[in-house]
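Listed here are the chains, written in short residue letters.
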Amino acid sequence: MMKLISLSTALIAFVLVVSGNPVPRAMRVHDRREVVPPGFAAAEMASSDALLHLHIVLAAQNMDGLQSVLMSISTPGSPSYGKYLSLDQVKEYTSPTDESVTAVKAWLAEHNVTNVAVTGAYQDRLSISVPAGIANNLFYSEFRNFVDLDSGERIIRTQEYSIPEELKSHIAFVHPTTSFAKPQFGPTAPAFSIPVPNYNVTELANPAPANCNEYITPGCLQALYGIPTSRATQSSNTMGVTGFLDQYANEADLTQFLEYFRQDVNPNTSFKVQSVDGGMNSQNIDEAGLEAVRNLLPFIAEDDPRISQNLDIQYTVGVATGVPVTFVSVGRQSSDGVGGFLDVFNVLISQDVPPTKNNVQPSFQPSLPAVLGKLPSHPQQRWILKLLPSPDYQKSAISTYFTTLGPTYSGLYNASGRGFPDVAAQGEKIVIGYRGEFALVEGTSASCPIFASVISLINDRLIAAGKPVLGFLNPFIYANRQAFFDITAGSNPGCGTNGFPATAGWNAVTGMGTPNFSALLKAAGL
(Lines give C-alpha, C1' and ligand atoms only; values in the text may rest on other atoms or scores of the structure.)
Protein backbone atom coordinates (compact mmCIF):
# COMPACT_ATOMS: atom_id res chain seq x y z
CA MET A 1 0.00 0.00 0.00
CA MET A 2 2.86 2.39 0.82
CA LYS A 3 4.33 1.88 -2.65
CA LEU A 4 0.96 2.61 -4.28
CA ILE A 5 0.58 5.85 -2.28
CA SER A 6 4.10 6.94 -3.16
CA LEU A 7 3.51 6.17 -6.81
CA SER A 8 0.24 8.12 -6.80
CA THR A 9 1.89 11.10 -5.11
CA ALA A 10 4.69 11.09 -7.64
CA LEU A 11 2.18 10.88 -10.51
CA ILE A 12 0.20 13.83 -9.12
CA ALA A 13 3.38 15.86 -8.77
CA PHE A 14 4.37 15.01 -12.35
CA VAL A 15 0.96 16.09 -13.66
CA LEU A 16 1.15 19.38 -11.73
CA VAL A 17 4.57 20.16 -13.13
CA VAL A 18 3.54 19.33 -16.69
CA SER A 19 0.39 21.44 -16.37
CA GLY A 20 2.37 24.38 -15.02
CA ASN A 21 0.80 24.37 -11.54
CA PRO A 22 3.13 24.59 -8.53
CA VAL A 23 3.84 21.46 -6.55
CA PRO A 24 2.09 21.88 -3.16
CA ARG A 25 4.52 22.71 -0.40
CA ALA A 26 4.27 21.72 3.23
CA MET A 27 3.05 24.89 4.92
CA ARG A 28 3.77 25.99 8.48
CA VAL A 29 1.94 28.63 10.51
CA HIS A 30 4.40 31.49 10.89
CA ASP A 31 2.32 33.87 12.98
CA ARG A 32 -1.08 33.73 14.57
CA ARG A 33 -3.24 36.16 16.53
CA GLU A 34 -5.82 34.27 18.54
CA VAL A 35 -8.20 37.18 19.12
CA VAL A 36 -8.88 40.52 17.51
CA PRO A 37 -6.96 43.14 19.51
CA PRO A 38 -8.83 45.70 21.63
CA GLY A 39 -9.97 48.72 19.66
CA PHE A 40 -10.69 46.76 16.48
CA ALA A 41 -13.64 44.73 15.21
CA ALA A 42 -13.65 42.09 12.50
CA ALA A 43 -15.79 42.87 9.45
CA GLU A 44 -16.38 41.17 6.11
CA MET A 45 -13.79 39.25 4.13
CA ALA A 46 -11.61 41.39 1.90
CA SER A 47 -12.61 41.44 -1.74
CA SER A 48 -10.48 38.99 -3.70
CA ASP A 49 -9.27 41.82 -5.94
CA ALA A 50 -8.41 44.22 -3.09
CA LEU A 51 -4.78 45.17 -3.61
CA LEU A 52 -2.44 44.44 -0.71
CA HIS A 53 1.04 45.89 -0.32
CA LEU A 54 3.09 43.33 1.58
CA HIS A 55 6.71 43.21 2.69
CA ILE A 56 8.39 39.84 3.18
CA VAL A 57 11.20 40.59 5.58
CA LEU A 58 14.08 38.17 5.12
CA ALA A 59 16.17 36.76 7.94
CA ALA A 60 19.37 38.64 8.69
CA GLN A 61 22.65 36.83 8.16
CA ASN A 62 23.83 37.32 11.72
CA MET A 63 21.46 39.26 13.97
CA ASP A 64 22.88 37.70 17.12
CA GLY A 65 26.32 38.86 16.07
CA LEU A 66 25.05 42.39 15.46
CA GLN A 67 23.40 42.55 18.86
CA SER A 68 26.62 41.37 20.48
CA VAL A 69 28.61 44.07 18.68
CA LEU A 70 25.98 46.69 19.56
CA MET A 71 26.25 45.92 23.24
CA SER A 72 30.05 45.90 23.05
CA ILE A 73 30.33 49.31 21.40
CA SER A 74 27.64 50.80 23.67
CA THR A 75 28.78 49.54 27.07
CA PRO A 76 31.16 51.80 29.02
CA GLY A 77 34.38 50.00 29.89
CA SER A 78 34.25 47.72 26.87
CA PRO A 79 37.40 47.74 24.66
CA SER A 80 35.09 48.43 21.72
CA TYR A 81 33.14 51.24 23.40
CA GLY A 82 32.41 54.04 20.94
CA LYS A 83 33.87 52.18 17.94
CA TYR A 84 30.76 52.42 15.81
CA LEU A 85 30.06 50.48 12.64
CA SER A 86 29.69 52.00 9.20
CA LEU A 87 26.54 51.37 7.20
CA ASP A 88 28.39 48.81 5.07
CA GLN A 89 29.59 47.02 8.19
CA VAL A 90 26.06 46.87 9.55
CA LYS A 91 24.87 45.41 6.25
CA GLU A 92 27.32 42.53 6.66
CA TYR A 93 25.24 41.44 9.65
CA THR A 94 21.75 42.43 8.57
CA SER A 95 21.56 41.75 4.84
CA PRO A 96 19.98 38.43 3.87
CA THR A 97 21.91 35.73 2.07
CA ASP A 98 21.60 35.33 -1.69
CA GLU A 99 20.16 31.90 -0.94
CA SER A 100 17.29 33.46 1.00
CA VAL A 101 16.47 35.93 -1.77
CA THR A 102 16.54 33.22 -4.44
CA ALA A 103 14.50 30.70 -2.45
CA VAL A 104 11.71 33.12 -1.56
CA LYS A 105 11.54 34.57 -5.06
CA ALA A 106 11.22 31.05 -6.47
CA TRP A 107 8.27 30.36 -4.17
CA LEU A 108 6.58 33.60 -5.22
CA ALA A 109 7.14 32.80 -8.89
CA GLU A 110 5.28 29.51 -8.42
CA HIS A 111 2.22 31.65 -7.72
CA ASN A 112 2.95 33.94 -10.68
CA VAL A 113 4.14 36.71 -8.38
CA THR A 114 7.14 37.94 -10.33
CA ASN A 115 6.97 41.71 -9.81
CA VAL A 116 9.12 41.68 -6.68
CA ALA A 117 11.08 44.70 -5.45
CA VAL A 118 14.09 44.29 -3.20
CA THR A 119 13.76 47.15 -0.70
CA GLY A 120 14.90 48.29 2.73
CA ALA A 121 18.07 49.95 3.96
CA TYR A 122 19.70 46.54 4.16
CA GLN A 123 18.03 45.11 1.05
CA ASP A 124 16.21 42.73 3.36
CA ARG A 125 12.64 43.11 2.17
CA LEU A 126 10.86 41.63 -0.81
CA SER A 127 7.96 43.99 -1.47
CA ILE A 128 4.98 42.79 -3.47
CA SER A 129 1.55 44.16 -4.40
CA VAL A 130 -0.99 41.37 -4.91
CA PRO A 131 -4.77 40.96 -4.79
CA ALA A 132 -6.13 39.54 -1.54
CA GLY A 133 -7.21 36.38 -3.33
CA ILE A 134 -3.64 35.60 -4.35
CA ALA A 135 -2.36 36.54 -0.89
CA ASN A 136 -4.81 34.10 0.68
CA ASN A 137 -3.54 31.29 -1.55
CA LEU A 138 0.07 32.29 -1.04
CA PHE A 139 -0.03 32.43 2.75
CA TYR A 140 -2.91 30.02 3.50
CA SER A 141 -4.59 33.00 5.13
CA GLU A 142 -7.94 34.76 5.29
CA PHE A 143 -7.45 38.47 4.77
CA ARG A 144 -10.48 40.42 5.89
CA ASN A 145 -11.52 43.94 6.82
CA PHE A 146 -11.12 45.18 10.38
CA VAL A 147 -12.60 48.41 11.70
CA ASP A 148 -10.73 50.78 14.02
CA LEU A 149 -13.42 51.49 16.61
CA ASP A 150 -11.98 54.91 17.43
CA SER A 151 -11.51 56.36 13.97
CA GLY A 152 -13.84 54.18 11.91
CA GLU A 153 -11.01 53.51 9.46
CA ARG A 154 -10.85 50.08 7.86
CA ILE A 155 -7.72 48.04 7.37
CA ILE A 156 -7.16 44.66 5.75
CA ARG A 157 -5.36 42.15 7.94
CA THR A 158 -5.31 38.44 8.71
CA GLN A 159 -5.17 36.70 12.07
CA GLU A 160 -2.93 33.94 10.77
CA TYR A 161 -0.57 33.25 7.90
CA SER A 162 1.67 30.38 6.87
CA ILE A 163 4.85 29.99 4.85
CA PRO A 164 6.50 26.91 3.32
CA GLU A 165 8.27 24.78 5.91
CA GLU A 166 11.55 24.92 4.01
CA LEU A 167 11.49 28.75 4.02
CA LYS A 168 11.13 29.24 7.78
CA SER A 169 14.86 29.93 8.15
CA HIS A 170 14.74 32.46 5.30
CA ILE A 171 11.71 34.56 6.28
CA ALA A 172 11.60 36.64 9.46
CA PHE A 173 8.02 37.88 9.06
CA VAL A 174 5.51 39.31 6.59
CA HIS A 175 4.12 42.80 7.18
CA PRO A 176 1.47 44.06 7.53
CA THR A 177 -0.44 40.84 8.18
CA THR A 178 -1.23 40.23 11.84
CA SER A 179 -0.19 43.69 13.08
CA PHE A 180 -2.93 46.05 14.23
CA ALA A 181 -1.11 49.28 14.94
CA LYS A 182 -2.84 52.37 16.26
CA PRO A 183 -0.24 55.06 15.56
CA GLN A 184 -0.29 57.70 18.28
CA PHE A 185 2.16 60.46 17.57
CA GLY A 186 2.58 63.49 19.71
CA PRO A 187 0.98 64.27 23.07
CA THR A 188 -1.69 61.74 23.99
CA ALA A 189 -4.05 61.55 26.89
CA PRO A 190 -3.31 58.93 29.57
CA ALA A 191 -5.59 55.93 29.83
CA PHE A 192 -7.12 57.63 32.85
CA SER A 193 -6.09 60.70 34.77
CA ILE A 194 -4.40 60.47 38.15
CA PRO A 195 -3.40 63.07 40.73
CA VAL A 196 0.09 64.50 40.32
CA PRO A 197 1.68 65.68 43.57
CA ASN A 198 2.32 69.42 43.71
CA TYR A 199 6.07 69.14 44.18
CA ASN A 200 8.44 72.06 44.30
CA VAL A 201 10.43 71.37 41.16
CA THR A 202 13.33 73.46 42.40
CA GLU A 203 13.87 70.88 45.15
CA LEU A 204 14.17 67.98 42.71
CA ALA A 205 17.33 69.12 40.91
CA ASN A 206 19.37 72.35 40.90
CA PRO A 207 17.81 75.58 42.25
CA ALA A 208 15.60 77.38 39.76
CA PRO A 209 13.45 80.52 39.78
CA ALA A 210 10.23 80.24 41.79
CA ASN A 211 8.08 80.80 38.69
CA CYS A 212 9.28 77.41 37.42
CA ASN A 213 6.69 75.90 39.76
CA GLU A 214 4.03 77.62 37.66
CA TYR A 215 5.36 76.94 34.17
CA ILE A 216 8.48 75.50 32.55
CA THR A 217 10.57 77.42 30.01
CA PRO A 218 14.04 76.81 28.54
CA GLY A 219 15.43 78.99 31.33
CA CYS A 220 13.89 76.71 33.95
CA LEU A 221 15.44 73.65 32.30
CA GLN A 222 18.84 75.32 32.09
CA ALA A 223 18.69 76.08 35.79
CA LEU A 224 17.27 72.74 36.91
CA TYR A 225 19.56 70.49 34.89
CA GLY A 226 22.60 72.75 34.46
CA ILE A 227 22.11 72.95 30.69
CA PRO A 228 24.55 75.50 29.21
CA THR A 229 23.38 78.52 27.23
CA SER A 230 26.55 78.68 25.14
CA ARG A 231 26.24 77.71 21.49
CA ALA A 232 27.21 74.33 20.13
CA THR A 233 30.22 74.51 17.83
CA GLN A 234 30.20 71.30 15.79
CA SER A 235 28.17 71.37 12.57
CA SER A 236 28.48 67.60 12.17
CA ASN A 237 26.36 67.14 15.29
CA THR A 238 22.70 67.31 14.26
CA MET A 239 19.29 66.52 15.69
CA GLY A 240 16.34 64.97 13.92
CA VAL A 241 12.72 65.71 14.86
CA THR A 242 9.94 63.71 13.22
CA GLY A 243 6.41 64.80 12.43
CA PHE A 244 3.66 62.33 11.49
CA LEU A 245 0.10 62.59 10.24
CA ASP A 246 0.08 66.26 9.21
CA GLN A 247 1.94 67.53 12.27
CA TYR A 248 3.81 70.66 11.25
CA ALA A 249 6.49 72.82 12.84
CA ASN A 250 5.54 76.48 12.53
CA GLU A 251 8.44 78.90 11.97
CA ALA A 252 6.52 81.97 13.15
CA ASP A 253 5.69 80.29 16.46
CA LEU A 254 9.35 79.31 16.87
CA THR A 255 10.45 82.91 16.26
CA GLN A 256 7.98 84.19 18.85
CA PHE A 257 9.11 81.53 21.32
CA LEU A 258 12.79 82.45 20.93
CA GLU A 259 12.06 86.18 21.20
CA TYR A 260 10.44 85.69 24.59
CA PHE A 261 12.33 82.79 26.14
CA ARG A 262 15.76 82.73 24.47
CA GLN A 263 16.61 86.37 23.92
CA ASP A 264 20.28 85.37 23.68
CA VAL A 265 19.50 83.39 20.50
CA ASN A 266 18.82 84.83 17.05
CA PRO A 267 15.00 84.70 16.75
CA ASN A 268 15.35 83.87 13.06
CA THR A 269 17.07 80.57 13.89
CA SER A 270 15.26 77.91 11.90
CA PHE A 271 15.57 74.27 10.89
CA LYS A 272 15.88 72.14 7.77
CA VAL A 273 12.95 70.12 6.43
CA GLN A 274 13.20 66.59 5.01
CA SER A 275 10.22 64.86 3.41
CA VAL A 276 9.32 61.17 3.75
CA ASP A 277 6.23 59.62 2.17
CA GLY A 278 5.20 62.98 0.70
CA GLY A 279 5.41 64.84 3.99
CA MET A 280 5.12 68.64 3.97
CA ASN A 281 5.52 71.42 6.51
CA SER A 282 2.62 73.79 5.98
CA GLN A 283 3.10 77.23 7.52
CA ASN A 284 -0.63 77.99 7.49
CA ILE A 285 -1.34 79.10 11.04
CA ASP A 286 -4.76 77.42 10.86
CA GLU A 287 -3.12 74.02 10.43
CA ALA A 288 -2.52 73.97 14.19
CA GLY A 289 -6.26 73.54 14.77
CA LEU A 290 -8.42 74.71 17.68
CA GLU A 291 -10.92 71.93 18.15
CA ALA A 292 -9.07 70.35 21.10
CA VAL A 293 -8.24 73.55 22.94
CA ARG A 294 -9.76 73.68 26.39
CA ASN A 295 -8.65 77.22 27.13
CA LEU A 296 -6.42 78.99 24.65
CA LEU A 297 -4.66 80.60 27.57
CA PRO A 298 -3.06 79.17 29.48
CA PHE A 299 -3.64 75.52 28.52
CA ILE A 300 -3.91 73.42 25.37
CA ALA A 301 -5.27 69.89 25.62
CA GLU A 302 -2.51 67.33 25.50
CA ASP A 303 -4.56 65.11 23.21
CA ASP A 304 -4.33 67.55 20.28
CA PRO A 305 -1.63 65.83 18.17
CA ARG A 306 -1.07 68.87 15.97
CA ILE A 307 0.72 70.82 18.70
CA SER A 308 3.49 68.22 18.99
CA GLN A 309 5.89 69.52 16.38
CA ASN A 310 5.78 73.09 17.69
CA LEU A 311 6.70 71.59 21.05
CA ASP A 312 9.51 69.40 19.67
CA ILE A 313 11.04 72.10 17.50
CA GLN A 314 10.85 74.78 20.19
CA TYR A 315 12.45 72.55 22.82
CA THR A 316 15.24 71.34 20.56
CA VAL A 317 16.14 74.64 18.89
CA GLY A 318 15.42 76.46 22.16
CA VAL A 319 17.35 74.11 24.48
CA ALA A 320 20.12 72.55 22.35
CA THR A 321 21.54 75.99 21.54
CA GLY A 322 23.23 76.08 18.15
CA VAL A 323 22.71 72.41 17.27
CA PRO A 324 21.45 72.10 13.66
CA VAL A 325 17.95 70.59 13.65
CA THR A 326 16.21 68.77 10.80
CA PHE A 327 12.45 68.36 10.83
CA VAL A 328 11.51 65.10 9.10
CA SER A 329 7.92 65.39 7.92
CA VAL A 330 6.29 62.01 7.28
CA GLY A 331 3.29 62.14 4.98
CA ARG A 332 0.45 59.74 4.33
CA GLN A 333 1.87 58.07 1.21
CA SER A 334 3.07 55.03 3.14
CA SER A 335 2.29 51.34 2.97
CA ASP A 336 4.07 50.26 6.13
CA GLY A 337 0.86 49.84 8.12
CA VAL A 338 1.96 52.13 10.96
CA GLY A 339 1.55 55.62 9.56
CA GLY A 340 5.04 55.90 8.08
CA PHE A 341 6.90 55.06 11.28
CA LEU A 342 8.80 52.17 9.69
CA ASP A 343 9.43 54.21 6.56
CA VAL A 344 11.12 57.05 8.43
CA PHE A 345 13.32 54.64 10.38
CA ASN A 346 14.28 52.99 7.13
CA VAL A 347 15.25 56.38 5.70
CA LEU A 348 17.31 57.28 8.77
CA ILE A 349 19.22 54.01 9.02
CA SER A 350 20.01 54.06 5.31
CA GLN A 351 21.95 57.33 5.67
CA ASP A 352 25.73 57.14 5.86
CA VAL A 353 25.68 59.93 8.45
CA PRO A 354 22.25 60.06 10.16
CA PRO A 355 21.44 62.66 12.83
CA THR A 356 23.45 61.98 15.99
CA LYS A 357 20.29 62.35 18.07
CA ASN A 358 16.71 61.69 17.05
CA ASN A 359 13.50 62.63 18.79
CA VAL A 360 11.26 59.86 17.45
CA GLN A 361 8.73 58.69 20.01
CA PRO A 362 5.33 57.52 18.76
CA SER A 363 5.13 54.96 21.55
CA PHE A 364 7.36 53.09 23.96
CA GLN A 365 10.20 51.27 22.21
CA PRO A 366 12.04 48.73 24.40
CA SER A 367 15.35 49.26 22.57
CA LEU A 368 15.30 53.06 23.02
CA PRO A 369 15.52 55.09 26.22
CA ALA A 370 12.02 55.42 27.63
CA VAL A 371 11.60 58.98 28.89
CA LEU A 372 8.90 59.86 31.41
CA GLY A 373 7.81 63.37 32.16
CA LYS A 374 4.62 63.13 34.16
CA LEU A 375 2.97 60.29 35.98
CA PRO A 376 0.36 58.69 33.68
CA SER A 377 -0.85 55.17 34.29
CA HIS A 378 -1.70 52.55 31.72
CA PRO A 379 -3.35 49.32 32.87
CA GLN A 380 -1.79 47.32 30.02
CA GLN A 381 1.76 48.41 30.81
CA ARG A 382 2.01 48.46 34.60
CA TRP A 383 5.58 49.74 34.29
CA ILE A 384 7.07 46.23 34.03
CA LEU A 385 6.51 44.74 30.58
CA LYS A 386 5.13 41.20 30.68
CA LEU A 387 6.36 39.92 27.34
CA LEU A 388 9.82 41.46 26.91
CA PRO A 389 12.66 40.23 29.12
CA SER A 390 14.82 42.60 31.12
CA PRO A 391 18.10 43.33 29.26
CA ASP A 392 21.37 42.54 31.00
CA TYR A 393 22.29 46.18 31.53
CA GLN A 394 19.09 46.73 33.52
CA LYS A 395 18.82 43.55 35.60
CA SER A 396 20.84 44.72 38.60
CA ALA A 397 18.98 48.04 38.85
CA ILE A 398 15.48 46.57 38.75
CA SER A 399 16.47 43.67 41.02
CA THR A 400 17.50 46.18 43.67
CA TYR A 401 14.16 47.95 43.24
CA PHE A 402 12.20 44.73 43.65
CA THR A 403 14.14 43.95 46.83
CA THR A 404 13.17 47.37 48.19
CA LEU A 405 9.59 46.85 47.07
CA GLY A 406 9.32 43.55 48.92
CA PRO A 407 6.00 41.70 48.62
CA THR A 408 4.11 44.82 47.49
CA TYR A 409 2.12 44.02 44.32
CA SER A 410 3.68 40.56 44.17
CA GLY A 411 2.14 38.62 41.30
CA LEU A 412 0.88 41.77 39.59
CA TYR A 413 3.99 42.28 37.48
CA ASN A 414 6.65 40.21 35.73
CA ALA A 415 9.78 40.50 37.87
CA SER A 416 11.95 39.40 34.93
CA GLY A 417 10.33 41.79 32.44
CA ARG A 418 11.65 44.98 30.86
CA GLY A 419 11.30 47.79 33.36
CA PHE A 420 10.59 51.35 32.28
CA PRO A 421 10.98 54.27 32.19
CA ASP A 422 14.75 54.57 31.87
CA VAL A 423 14.98 58.29 32.63
CA ALA A 424 12.73 61.27 33.29
CA ALA A 425 12.50 64.98 32.55
CA GLN A 426 10.04 67.81 33.08
CA GLY A 427 6.74 67.14 31.34
CA GLU A 428 4.18 69.34 33.11
CA LYS A 429 3.19 72.94 32.40
CA ILE A 430 5.57 73.31 29.46
CA VAL A 431 5.22 76.68 27.69
CA ILE A 432 5.06 76.66 23.88
CA GLY A 433 4.32 79.27 21.25
CA TYR A 434 1.06 78.39 19.53
CA ARG A 435 -0.77 80.38 16.86
CA GLY A 436 0.80 83.64 17.92
CA GLU A 437 0.11 83.14 21.62
CA PHE A 438 1.48 80.99 24.44
CA ALA A 439 0.02 77.88 25.98
CA LEU A 440 0.91 75.11 28.41
CA VAL A 441 1.24 71.50 27.32
CA GLU A 442 2.22 68.32 29.08
CA GLY A 443 3.20 64.72 28.53
CA THR A 444 6.19 62.58 27.65
CA SER A 445 6.21 64.32 24.27
CA ALA A 446 7.58 67.31 26.16
CA SER A 447 10.14 65.28 28.07
CA CYS A 448 11.61 63.55 25.02
CA PRO A 449 12.93 66.63 23.16
CA ILE A 450 14.27 68.01 26.45
CA PHE A 451 16.28 64.89 27.20
CA ALA A 452 17.38 64.54 23.56
CA SER A 453 18.63 68.14 23.62
CA VAL A 454 20.76 67.43 26.68
CA ILE A 455 22.41 64.44 24.99
CA SER A 456 22.91 66.40 21.78
CA LEU A 457 24.83 69.10 23.67
CA ILE A 458 26.95 66.41 25.31
CA ASN A 459 27.69 65.01 21.83
CA ASP A 460 28.72 68.45 20.60
CA ARG A 461 31.37 68.64 23.27
CA LEU A 462 32.52 65.08 22.64
CA ILE A 463 33.05 65.82 18.95
CA ALA A 464 34.96 68.99 19.81
CA ALA A 465 37.24 66.91 22.04
CA GLY A 466 37.83 64.34 19.32
CA LYS A 467 35.83 61.66 21.12
CA PRO A 468 33.04 59.41 19.78
CA VAL A 469 29.49 60.57 20.44
CA LEU A 470 26.97 58.81 22.65
CA GLY A 471 25.02 56.35 20.52
CA PHE A 472 22.80 53.60 21.94
CA LEU A 473 22.27 55.17 25.36
CA ASN A 474 20.73 52.52 27.57
CA PRO A 475 23.93 50.74 28.79
CA PHE A 476 25.49 54.17 29.45
CA ILE A 477 22.46 55.26 31.46
CA TYR A 478 22.47 52.23 33.74
CA ALA A 479 26.25 52.34 34.20
CA ASN A 480 26.11 55.96 35.42
CA ARG A 481 23.51 56.36 38.13
CA GLN A 482 25.50 59.32 39.48
CA ALA A 483 24.84 61.26 36.27
CA PHE A 484 21.18 61.79 37.13
CA PHE A 485 19.23 63.63 39.78
CA ASP A 486 17.69 60.86 41.87
CA ILE A 487 13.94 61.29 42.36
CA THR A 488 12.92 59.54 45.57
CA ALA A 489 9.47 61.02 46.33
CA GLY A 490 6.11 60.22 44.81
CA SER A 491 4.39 57.28 43.15
CA ASN A 492 2.27 56.48 40.12
CA PRO A 493 -1.19 55.61 41.50
CA GLY A 494 -3.64 53.75 39.31
CA CYS A 495 -5.69 50.58 38.95
CA GLY A 496 -7.07 51.11 42.46
CA THR A 497 -3.62 51.15 44.07
CA ASN A 498 -1.11 53.72 45.29
CA GLY A 499 1.16 52.61 42.47
CA PHE A 500 4.87 51.91 42.46
CA PRO A 501 6.85 54.21 44.78
CA ALA A 502 9.81 56.31 43.77
CA THR A 503 12.91 55.13 45.64
CA ALA A 504 16.66 55.71 45.50
CA GLY A 505 18.22 54.44 42.30
CA TRP A 506 16.13 53.08 39.44
CA ASN A 507 12.41 53.00 40.13
CA ALA A 508 9.28 52.37 38.13
CA VAL A 509 8.21 56.02 38.39
CA THR A 510 11.17 58.05 37.11
CA GLY A 511 13.70 55.42 36.04
CA MET A 512 17.26 56.51 36.82
CA GLY A 513 16.12 60.10 37.36
CA THR A 514 16.45 63.43 35.53
CA PRO A 515 19.55 64.63 33.64
CA ASN A 516 22.42 66.36 35.43
CA PHE A 517 24.38 67.99 32.62
CA SER A 518 27.72 68.39 34.38
CA ALA A 519 27.58 64.85 35.78
CA LEU A 520 26.64 63.45 32.36
CA LEU A 521 29.53 65.34 30.80
CA LYS A 522 31.91 63.80 33.33
CA ALA A 523 30.45 60.32 32.81
CA ALA A 524 31.00 60.75 29.07
CA GLY A 525 34.70 61.36 29.72
CA LEU A 526 34.89 65.16 29.66
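Quick look at the structure, then. Predicted model, so just to flag it, every value in this text is computed and none were measured. (Residues numbered from 1 in each chain as written. Predicted model: local features only at pLDDT ≥ 70, side-chain atom pairs only at ≥ 80, totals over all residues. Heavy atoms only, no water.)

A few points about helix H11 (residues 444-464)
And step 1. The end-to-end C-alpha distance of H11 is 30 Å, a good match for the 30 Å that 21 residues give at a rise of 1.5 Å each.
And step 2. Where H11 terminates, the next one or two residues include Gly466, which has phi positive at roughly 75 degrees. (Helix = DSSP H or I, 4+ residues; strand = E, 2+ residues; numbered from the N terminus. Expected span 1.5 Å × (residues − 1).)

Looking at the sheet that holds strand E3 (residues 51-58)
Consider a sheet: its strands pair through backbone hydrogen bonds, and that pairing is either parallel or antiparallel.
And step 1. Ordered by their spatial adjacency, 4 strands build an open sheet running E4-E5-E3-E9, and the pairing between neighbours is antiparallel. Lying at the two open borders of the sheet, with one neighbouring strand each, are strand E4 (117-119) and strand E9 (171-175). The average undirected angle you get between the axes of adjacent strands in this sheet is 30 degrees.
And step 2. Bridge count for E3 against strand E5 (residues 125-131) is 7 bridges, and the pairing is antiparallel. Bridging from a neighbouring strand, His53 pairs with Ser129 of E5.
And step 3. Lying over the sheet, helix H4 (residues 98-110) contacts E3, E4, E5 and E9, oriented at roughly 150 degrees with respect to E3. (Pairing = 2+ DSSP bridges. Axes fitted to C-alpha atoms, helices over the stretch in contact; angles between N-to-C directions. Contact = heavy atoms within 4.5 Å.)

Brief notes about the environment of Tyr93
And step 1. Secondary-structure assignment places Tyr93 in helix H3 (residues 87-94).
And step 2. By relative accessible area, Tyr93 is classed as partly exposed at 22%.
And step 3. It is 7.0 Å that separates the C-alpha atoms of Tyr93 and Gly65, two residues lying 28 residues apart in sequence. (Buried < 20%, exposed > 50% of the residue type's maximum accessible area, 1.4 Å probe, protein only.)

Side note on the pattern of salt bridges
And step 1. Going through the model one piece at a time under the given rule, you end up with 10 salt bridges.
And step 2. For the salt bridge of Glu166 with Arg25, the shortest nitrogen-to-oxygen distance reads 2.7 Å. Highlighted residues: Glu166 in the loop between strand E8 (160-164) and E9 and Arg25 in the loop between helix H1 (2-19) and strand E1 (27-32), separated in sequence by 141 residues.
And step 3. Put simply, Arg262 and Asp264 hold a salt bridge, and the shortest N to O gap is 2.8 Å.
And step 4. For Arg262, a relative accessible area of 1% gives the class buried.
And step 5. Here the salt bridges do not stand alone but share partners, grouping Arg25, Glu110 and Glu166 into one network. (Salt bridge = Lys/Arg side-chain N within 4 Å of Asp/Glu carboxyl O.)

Re the side chain of Ser447
And step 1. Structurally, Ser447 can be placed in helix H11.
And step 2. Classification of Ser447 as buried rests on a relative accessible area of 0%.
And step 3. A polar contact is formed between the side chain of Ser447 and the backbone oxygen of Ala425, at a distance of 3.2 Å. (Polar contact = N/O pair within 3.5 Å; in protein donor to acceptor, adjacent residues only side chain to side chain.)

Description of the pairing of E8
And step 1. Where burial is concerned, most of E8 is hidden: 4 out of the 5 residues are buried.
And step 2. Pairing analysis gives 5 bridges linking E1 to E8, with the strands arranged antiparallel. Across the sheet, residue Met27 finds its bridge partner in E8, namely Pro164.

Examining the nonpolar core
And step 1. Counting residues in hydrophobic clusters, the biggest one holds 73 residues, and the most contacted among them are Tyr225, Ile313 and Tyr315.
And step 2. Per-element accounting of this core gives the leading share, 9 residues, to H11.
And step 3. Core analysis: the second largest hydrophobic core is formed by 25 residues, Ala46, Val116, Leu126 and Ile163 among them. (Core = buried A, V, L, I, M, F, W, Y, C linked by side-chain atoms within 4.5 Å.)

Quick word on the packing of aromatic side chains
And step 1. Within this structure, the stated rule accounts for 18 aromatic pairs.
And step 2. Summarising the aromatic geometry, the rings of Phe40 and Phe180 are spaced 5.3 Å apart at their centres and angled 70 degrees between planes, so their arrangement reads as edge-to-face. With a gap of 140 residues between them, Phe40 in strand E2 (residues 40-45) and Phe180 in the loop between E9 and helix H6 (218-225) connect regions that are remote in the sequence.
And step 3. A residue is classified by how much of its surface remains accessible, and Phe40, at 8% relative accessible area, is buried.
And step 4. Aromatic rings pair up to connect Tyr401, Phe402, Tyr409, Tyr413, Phe500 and Trp506 into one cluster. (Phe/Tyr/Trp six-rings, centres within 6.5 Å; stacked < 30°, edge-to-face > 60°.)

A few points about the sheet that holds strand E7 (residues 154-157)
And step 1. The strand order across the open sheet built from 3 strands is E2-E6-E7, with neighbouring strands paired in antiparallel fashion. On the outer flanks of this sheet lie E2 and E7, each paired with one strand and no other. Within this sheet the neighbouring strands show an average axis-to-axis angle of 35 degrees, counted without direction.
And step 2. As paired strands, strand E6 (residues 144-148) and E7 are joined by 4 bridges and run antiparallel to one another. Its bridge partner being in E7, Phe146 is matched across the sheet by Ile155.

Some remarks on the pairing of strand E18 (residues 430-434)
And step 1. Counting buried positions along E18 gives 5 out of 5 residues, so the element sits mostly inside the fold.
And step 2. Residues Ile430, Ile432 and Tyr434 of E18 are buried on one face, and the alternating residues Val431 and Gly433, pointing to the opposite face, are buried as well.
And step 3. Direction of pairing for E18 relative to strand E19 (residues 437-441): antiparallel, over a ladder of 5 bridges. Looking at the pairing, Val431 lines up with Leu440 of E19.

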